[in-house]
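Analysis of the macromolecular model
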Amino acid sequence: MWGGRFAAGPAAVMREINASLPFDKRLWKQDIMGSIAHAAMLASKGILSEADAATIIAGLEEIDDEYAAGDLPTDLSLEDIHMATESRLAEKIGPVAGRLHTARSRNDQVATDFKLWVRDAIDEVDLGLYRLQRALVNRAADYADAVMPGFTHLQSAQPVTLGHHLMAYHEMVGRDRSRFADARARMNLSPLGAAALAGTGFPTDRHMTAAALGFDGPTRNSLDSVSDRDFALDYLMAATQVALHLSRLAEEFIIWASQPFGFISLPDAYSTGSSIMPQKRNPDAAELVRGHSGRILGCMTALCVTMKGLPLAYSKDMQDDKPPVFEAHDLLGLSITAMTGMVETTTFRTDRMRALAESGFATATDLADWLVREANVPFREAHHITGRAVKAAEQKGCALADLPLAELKTIDGRIDERVYAVLTVDASVASRKSFGGTAPDQVRARIAEATAALDAETGR
């Protein structure tokens, strides 16, 4: 490729460090799509004859079949998938293959291919997240009124329902999907035709190639077109947020599966055993999801650091843009699939959840609220009264609801027998009727809304 300027070939190490083919061959389908669109445009503008364009497109379609069958190039001397495909095209159709690269550069070619790939990746992730939302909503519907302890600082706080807890993750995943949707909309302009950095002197039609490739239009600045990797960073930042959410859910499954909690039993399909301890059921799938979040965050950081000081327009550093995106995408797909499977098939031990909800003074806030509502006590004073009641219950080793009325009256004479109606966990969750609260009716209403929204998505 460099024969006109260079007399000697590259050193062996240069050949190896310069080649991106081992990883960028994943772009083969997008590369062929872009080349077909480019050839058709050249012919429409009279830059390429109709006969040559037809020959080139037929050859590219044959190569597409070869690659789809697994016969991908491996020759590092061809550097990347773009040159490998052009070389294979020349083997098939002869010198006319050399006309394909008219009015484009590898700079705009790779930017286009990579954008197309990331766009496809976003669609793939969104489908996985949709399925995870479905799983969360379906399981939440099963447990809309199943009481469990709610936590702050991993200490029992107030009782909630398991359905409410699962729907919290549905909300997180919804925000994740919106971030990917925003990224997809923002990136959907075509760099093809920007050429090396300055555009081209040929009378091309960039709107035609953009439309052919499903873009909303062409990019508006040729320098930015070839140097922009914001779309890859947007993908990685959105992927990192998903990974953080998955890691939080995985961590809860790990804790809940431990014997001290005993809230869930993970199925065999998502657990492993021990090489020495036959009783063990290890939550390895959840632990790997948690671990993958660190690697995905690392991929995002790697590309940020690569891009942070690059002058316009293209620099070879940008060849390293694709490995972190590919790695993060693969890890994210595994994590979403594994987490969805765990949500769908885990056995929730609601009896154990209820028992712990009843044992941690989780209705203390309900006592304080009752004092405010029924006895007109300022909340801060009610807080102190309730604290003394909790201390008394701790000393007796009983729940708040089991304290005798006489003892409660010694703490504050304004307490009467009506208070016992709010000290059960069921009464506590039922009282949280504010919009978005944990009252079962509220949880079912949010589930119904979420189900309708998911049902409205077509093609899933």
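Look above for the structure.
Now for a description of the structure that goes with this document. Given the structure is predicted, the values throughout are model-derived calculations rather than measurements.

Comments concerning helix H6 (residues 106-142)
- With 37 residues, H6 should reach 54 Å at 1.5 Å per residue; the first-to-last C-alpha distance of 54 Å fits that figure.
- Burial of H6 is extensive: 28 of the 37 residues sit out of reach of the surface.

Focus on the nonpolar core
- Formed by 93 residues in total, the largest nonpolar core has its most connected members in Phe180, Tyr235, Phe253, Trp256 and Leu332.
- The greatest single-element share of this core, amounting to 16 residues, is contributed by helix H10 (residues 230-257).
- Ignoring any residue separated from it by four or fewer positions in sequence, one finds phenylalanine 180 in contact with Ile122, Val125, Leu129, Tyr235, Ala238, Ala239, Val242 and Leu332.
- By size, the runner-up hydrophobic cluster in this structure holds 22 residues, among which are Val377, Leu400, Ile415 and Val422.

Topic: empty space enclosed by the protein
- For the structure on display, the rule yields one cavity of 30 Å³ or more.
- A volume near 30 Å³ is recorded for the largest cavity.
- What lines the largest cavity is simply Leu132, Leu136, Tyr169, Val173, His245, Leu246 and Leu249.
- For the lining of the largest cavity, the element with the most residues is H10, which contributes three residues.
- Partitioning the lining of the largest cavity into residue classes produces six nonpolar, one polar and no charged.

A look at the environment of alanine 243
- Its location among the elements puts alanine 243 in helix H10.
- Each C-alpha atom, one on alanine 243 and one on alanine 328, is 9.5 Å from the other, the two residues being 85 residues apart in sequence.
- Dropping the residues within four chain positions of it, alanine 243 is found in contact with Ser293, Ile296 and Leu332.

What to know about the environment of lysine 92
- The residue lysine 92 is located in helix H5 (residues 81-93) in this model.
- Here the alpha-carbon distance between lysine 92 and isoleucine 63, two residues 29 residues apart in the chain, equals 9.0 Å.
- Sequence-distant contacts of lysine 92, that is, excluding residues within four places in its chain, are made with Gly59, Glu62, Ile63 and Glu66.

A short note on the environment of alanine 450
- Structurally, alanine 450 is set in helix H18 (residues 440-456).
- We classify alanine 450 as buried; its relative accessible area is 6%.
- Sequence separation between alanine 450 and aspartate 113 is 337 residues, and the spatial gap between their C-alpha atoms is 36 Å.
- Ignoring any residue separated from it by four or fewer positions in sequence, one finds alanine 450 in contact with Val137, Met167 and His170.

What counts, and at which threshold
Residues numbered from 1 in each chain as written. Predicted model: local features only at pLDDT ≥ 70, side-chain atom pairs only at ≥ 80, totals over all residues. Heavy atoms only, no water. Helix = DSSP H or I, 4+ residues; strand = E, 2+ residues; numbered from the N terminus. Expected span 1.5 Å × (residues − 1). Buried < 20%, exposed > 50% of the residue type's maximum accessible area, 1.4 Å probe, protein only. Core = buried A, V, L, I, M, F, W, Y, C linked by side-chain atoms within 4.5 Å. Contact = heavy atoms within 4.5 Å. 1 Å grid on protein atoms, 1.4 Å probe; cavity = no way out; pocket = protein on both sides within 12 Å on 5 of 7 lines; lining within 4 Å. Points joined across faces, edges and corners; volume = space filled by probe spheres on them. Nonpolar A, V, L, I, M, F, W, Y, C, P; charged D, E, K, R; others polar.

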